[in-house]
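# Notes for the structure review
Chain residues, written in single-letter form:
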Amino acid sequence: MELDPRRCYSALKARDARFDGRFFVAVSTTGIYCRPVCTARIPGRDRCSFFANAASAERAGYRPCLRCRPELAPGHAPTDAVRTAAHWTVARIEAGALNDGDLERLAAEYGISSRQLRRVVETEFGVTPVELAQTRRLLLAKQLLTDSALGMTEVAFASGFASVRRFNHLFKTRYGLNPTALRRQGRPIAHADVITLKLAYRPPLDWPRLVGFLTGRGAAGVECAAGSRYLRTASLELGGATHRGWFAAEALPQQNALRLEVSSSLMPALAPLLARVRRLFDLDANPRIVEEHLCCDPRLRPIVRRQTGLRVPGAFDGFELAVRAVLGQQVSVKAASTLFGRCAAAFGEAACGEAAVLKSLKLPHDQLQFFAPTAARLAQAKLHELVGLGLTKKRAETVQALAHAVAGGEIRLEPGVNVDETMQSLQALPGIGAWTSHYIAMRALGYPDAFPHADLGLMKALGLRKAGDILGVAEPWRPWRAYAAHHLWASLK
């Protein structure tokens, strides 16, 4: 990205990890340069200079920070692949990827050995991958002990521990407490089929608009809204097993949290589920920082102030979102939703009825009927089957190519991947252009500066006729153009 000082400083104030490695900040009063995620006190704007790489900062006479260690920032060149893999791996660990303890398999996903991965993670974070995984399990266990009505054995296994004994030992060793000591007085009434948790967020949050955007573009049978609740089916692969169920979320504005209900069938995959839910609702965003930046533009200021708390809806599953984006090319939102609903009915697995893959699953709403189709399943679909759903031949070929690329591991559609390389890989597929790749980057990859500038809705909201003109207008909005796009789309309603 071009190093405009104003937008770089905005990203610095947010300490948004999505910009780590994309620029460095040098401080004139200390002579030190840092990564944008450095935990040191944020300097004043007048003391900051921004550089595209560490070499440029050092050429200007700055020395590297000993706290955030700029040499470990995730890069974009092939020589940075190992360090980048360490960051991706930590994100995977946070989502429960080591619950089965298979570090070798995790390392193999990135083409390096487990020894290399262990060394790089330990150098970067000061702890081993196993210790990171243990901390994640303990923190999830602490949340379950505090917020849920699960029994001790259920807490241990839902947190990713292989045994209750191991759970008790680590909890006492790390925290100096017996797990039962954290139980609240008068804990919630237990429900055998549902786990209830709270997920915190930074206010404000425009929950109605967020739910409306998701369900308005959702697939009938996969997700729906019931009053202020958002509900959807969920299928997750973990440790070679598939776990299926549902979750429902509702905002608790006075507590700055979401109330999340999860079917007990998803308990073994609770950690990755929670990570996906946070991404889906953009719960880790700092809306005040983003809105402060966007309001500097007189064109956006009245729009943003009317719609405070707007988030960029993410994706529960990156491939599912990518398919929806392809189906939405050059058709209305309603038509795209209808097409994906047909796709889910034809190639997704049944969640209810005689054909249900999980007979014991009790669904909370009769509109939830299917699990979204996987890349592996759509890769097996015949061209005439896709055309039979109402797709053009070219669009069906695009879906096939996308499914093959994702199922074969050529493209990974999840936060933490190299955004530029992934967008290039997407655009190399037939039928995927800049609009589609930016939309996928915005929602599936969690890239806050993604901007599908050729979108007709954006042109209408801005009163412009040429896509090229939009790029110039949007330049001051960086690095938050994805949020600006959603404010503009919302202003059309």
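For the structure, see preceding data.
Residues numbered from 1 in each chain as written. Predicted model: local features only at pLDDT ≥ 70, side-chain atom pairs only at ≥ 80, totals over all residues. Heavy atoms only, no water.

## What to know about the overall build of the protein
For the protein, the helix and strand inventory stands at 22 helices and 11 strands. The C-alpha extent of the protein, read off along each of the three principal axes, is 65 × 60 × 45 Å. Look at the contacts in the protein between residues 6 or more apart in sequence, and 66% of them connect residues 24 or more apart. With an accessible surface of roughly 22000 Å², the protein has 52% of that area assigned to carbon and sulfur atoms. Averaging the positions of the 65 positive and the 44 negative side-chain charges in the protein gives two centres separated by 4 Å. (Helix = DSSP H or I, 4+ residues; strand = E, 2+ residues; numbered from the N terminus. Contact = heavy atoms within 4.5 Å. Areas by Shrake-Rupley, 256 points an atom, 1.4 Å probe, with all protein chains shown as cover. Lys, Arg positive; Asp, Glu negative; His and termini not counted. Charge placed at Lys NZ, Arg CZ, Asp CG, Glu CD.)

## Focus: the pattern of salt bridges
Per the counting criterion, the structure on display carries 18 salt bridges. The partner of D193 in a salt bridge is K362, with the nearest N and O atoms 3.7 Å apart. Of this pair, D193 sits in the loop between α8 (164–175) and β5 (194–200) while K362 sits in the loop between β10 (349–350) and β11 (370–371); the two residues are 169 residues apart in sequence, bridging distant segments of the chain. E475 is paired through a salt bridge with R478; the nearest N and O atoms lie 4.0 Å apart. Each of the salt bridges in this network shares a partner with another, and the network as a whole consists of R7, D449, E475, R478 and R481. (Salt bridge = Lys/Arg side-chain N within 4 Å of Asp/Glu carboxyl O.)

## Overview of the pairing of strand β6 (residues 223–226)
For β6 and strand β7 (residues 229–238), the ladder comprises 4 bridges, and the chain directions are antiparallel. Within the sheet, the bridge partner assigned to E223 lies in β7 and is R232. Here β6 folds back onto β7 in antiparallel fashion, the turn holding 2 residues, of which G227 has a positive phi close to 65°. (Pairing = 2+ DSSP bridges.)

## Quick look at a nonpolar patch on the surface
Together, L139, Y175 and L177 make up an exposed nonpolar region whose accessible area comes to about 250 Å². For Y175, the position within the fold is in helix α8. Y175 gets classed as partly exposed once you look at its relative accessible area, which sits at 31%. (Patch = residues over 30% accessible without salt bridge, like charges linked within 9 Å, V, L, I, M, F, W, Y side chains within 5 Å. Buried < 20%, exposed > 50% of the residue type's maximum accessible area, 1.4 Å probe, protein only.)

## Quick word on the sheet that holds strand β1 (residues 24–27)
Hydrogen bonds between backbone groups are what pair the strands of a sheet, and the pairing can be parallel or antiparallel. Sheet architecture is open: 4 strands sit in the order β3-β1-β2-β4, paired in mixed fashion. Strand pairing shows two members of the sheet lacking a second neighbour, β3 (48–51) and β4 (63–64), which therefore form its edges. In this fold helix α1 (residues 5–14) packs onto β1 and β3, with an angle of close to 100° to the strand it touches most, β3. (Axes fitted to C-alpha atoms, helices over the stretch in contact; angles between N-to-C directions.)

## Comments concerning the packing of aromatic side chains
With the rule as written, the count across this model stands at 14 aromatic pairs. For the ring pair F24 and Y33, a centre distance of 6.1 Å and an interplane angle of 80° mean the geometry is edge-to-face. Taken individually, F24 and Y33 each receive the classification buried, so the pair is uniform in this respect. The rings of W207, Y230, F247, F281 and F316 are connected pair by pair, giving a single aromatic cluster. (Phe/Tyr/Trp six-rings, centres within 6.5 Å; stacked < 30°, edge-to-face > 60°.)

## Quick word on the layout of surface pockets
Empty space within the second largest pocket amounts to approximately 860 Å³. As for the second largest pocket, its lining consists of 33 residues, of which G328, Q329, V331, W435 and D455 are closest to the centre. Along the lines of polarity and charge, the residues of the lining of the second largest pocket split into 14 nonpolar, 11 polar and 8 charged. (1 Å grid on protein atoms, 1.4 Å probe; cavity = no way out; pocket = protein on both sides within 12 Å on 5 of 7 lines; lining within 4 Å. Points joined across faces, edges and corners; volume = space filled by probe spheres on them. Nonpolar A, V, L, I, M, F, W, Y, C, P; charged D, E, K, R; others polar.)

## Considerations on the packing of helix α11 (residues 287–294) against helix α22 (residues 481–491)
The contact between α11 and α22 brings their axes to 10 Å, and the two run at 75°. It follows from the interaxial angle that α11 and α22 lie roughly perpendicular. Contacts between α11 and α22 involve V290, E291 and L294 from the former and Y483, A484 and H487 from the latter. Per-class residue counts for the contact of α11 with α22 are 4 nonpolar, 1 polar and 1 charged. (Parallel < 35°, antiparallel > 145°, perpendicular 65-115°, else oblique.)

## Description of the environment of C295
You can see C295 is positioned in the loop between α11 and α12 (301–306). Each C-alpha atom, one on C295 and one on A325, is 29 Å from the other, the two residues being 30 residues apart in sequence. Once residues within four sequence positions are removed from consideration, C295 is found in contact with R301, V304 and R305.

## A few points about the nonpolar core
Ranked by internal contacts, the top residues of the largest apolar core, which has 85 residues, are L294, L378, L402 and W477. Looking at which element gives the most residues to this core, the answer is helix α13 (residues 318–327), with 7 residues. Discounting residues that sit within four places of it in the chain, L402 has contacts with F319, A322, V323, V326, L426 and L429. With 44 residues, the next largest nonpolar core counts L145, F171, L197 and Y230 among its residues. (Core = buried A, V, L, I, M, F, W, Y, C linked by side-chain atoms within 4.5 Å.)

## Side note on α13
α13 sits mainly inside the fold: 10 of its 10 residues count as buried. Every buried residue belonging to α13 is among G318, F319, E320, L321, A322, V323, R324, A325, V326 and L327, and all of these are buried. On its buried side, α13 packs onto β6, β7, α14 (333–347), α15 (375–379), α17 (393–407) and α19 (434–443). A distance of 3.2 Å separates the backbone nitrogen of F319 from a side-chain oxygen at the start of α13, and that oxygen is part of D317. (Polar contact = N/O pair within 3.5 Å; in protein donor to acceptor, adjacent residues only side chain to side chain.)

Function cannot be inferred from these measures alone, as they are strictly geometric.
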